[in-house]
Amino acid sequence: MSIAAALPLLTLLAQGADLSSPRPSIGDAAPALAVDDVDGQPIAPPTLTGHITVIDFFATWCQPCKQAHKDLAVLAQTFGVAVTVLLVDVAEEPPAVRRFLAASPAPKGARVVLDRNGANAQRWGQDRFPTTFVVNGAGVVRHINRGWGPGYQARMARWIGAMLDAQRSGGAATQH
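Draft legend 1. Looking closely at the pattern of salt bridges. The final tally for this structure, using the stated rule, is 7 salt bridges. Taking the shortest distance from any N to any O, the salt bridge between D39 and R98 comes out at 3.2 Å. Taken as a pair, D39 in the loop between α1 (3-14) and β1 (52-58) and R98 in helix α3 (residues 94-103) lie far apart in primary sequence, 59 residues in all. Accessibility expressed as a relative area gives 48% for D39, which makes it partly exposed.

Next up, the structure:
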């Protein structure tokens, strides 16, 4: 594991995070999110029910995260308001995140929030950047993608498309 990849884990350990708690799996209820806005001010927890939500844990120094954000921008345009994109920066200060967003804007319609101490990342089981979760309208984790690579955009589109099809037909979205 590279130093850059280990940084979130080292940050959590230094802050005394409990890494023994189980991370969510596909089919589990999505953990709560306690986050700040990009100015570092606490905000109401994002609603993870009633619509499909893509939650992407990222860091500003992460090159694959930038690629994932480009792919998420395409998906946000493709699926429009049917999908909410939530970008969660892990353990970085607001000025760094604002500089990053000035150079690499978030996908249109995406919401960027801060996980200032990494507690959300730990609770969700984020162990590399980026880690992307897809949560259905009932607030259940349906898909998890750890890392970024070729096929990320197609895989995410397939997962989201199947979930939207299941919603339209009144069925429960299943793992694909």
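Draft legend 2. Looking closely at the packing of aromatic side chains. Under the defined criterion, the tally for this structure stands at 5 aromatic pairs. Ring plane angle 90° and centroid distance 5.4 Å describe the contact between W61 and F129, whose orientation is recorded as edge-to-face. Of this pair, W61 sits in the loop between β1 and α2 (63-79) while F129 sits in the loop between α4 (119-124) and β4 (131-135), and the two are 68 residues apart along the sequence. Taking relative accessible area as the criterion, F129 reaches 11% and is therefore assigned buried. Relative to F133, the ring of W124 lies with its centre 4.9 Å away and its plane at 70°, an arrangement referred to as edge-to-face. The residues W124 and F133 share a single accessibility class, namely buried.

Draft legend 3. Molecular detail of α3. Looking at α3, one finds that the buried residues are P94, V97, F100 and L101. Projected onto a plane normal to the axis of α3, the buried residues spread over an arc of 125° and lie on a single side. Exposed residues pointing more than 90 degrees away from the buried face of α3 are listed as R99, A102 and A103. Buried-residue contacts for α3 involve β1, α2, β2 (83-90) and β3 (111-115).

Draft legend 4. Spotlight on unusual backbone geometry. Cis geometry marks the peptide bond from F129 to P130; its omega dihedral reads -20°. Topologically, P130 is positioned in the loop between α4 and β4. Here the phi dihedral of A91 falls at roughly 60°; this positive angle occurs in a residue that is not glycine. Looking at the secondary structure, you find A91 in the loop between β2 and α3. With a relative accessible area of 29%, A91 lands in the partly exposed category.

Draft legend 5. Fine view of the state of the cysteines. Applying the stated criterion across every chain yields a total of 1 disulfide. Each sulfur in the disulfide pair C62 and C65 lies 2.4 Å from the other. Taking the torsion about the sulfur-sulfur bond, which here is approximately 85°, the covalent link between C62 and C65 counts as right-handed.

Calculation criteria
Residues numbered from 1 in each chain as written. Predicted model: local features only at pLDDT ≥ 70, side-chain atom pairs only at ≥ 80, totals over all residues. Heavy atoms only, no water. Salt bridge = Lys/Arg side-chain N within 4 Å of Asp/Glu carboxyl O. Helix = DSSP H or I, 4+ residues; strand = E, 2+ residues; numbered from the N terminus. Buried < 20%, exposed > 50% of the residue type's maximum accessible area, 1.4 Å probe, protein only. Phe/Tyr/Trp six-rings, centres within 6.5 Å; stacked < 30°, edge-to-face > 60°. Arc of directions from axis to C-beta. Contact = heavy atoms within 4.5 Å. Disulfide = S-S within 2.5 Å.

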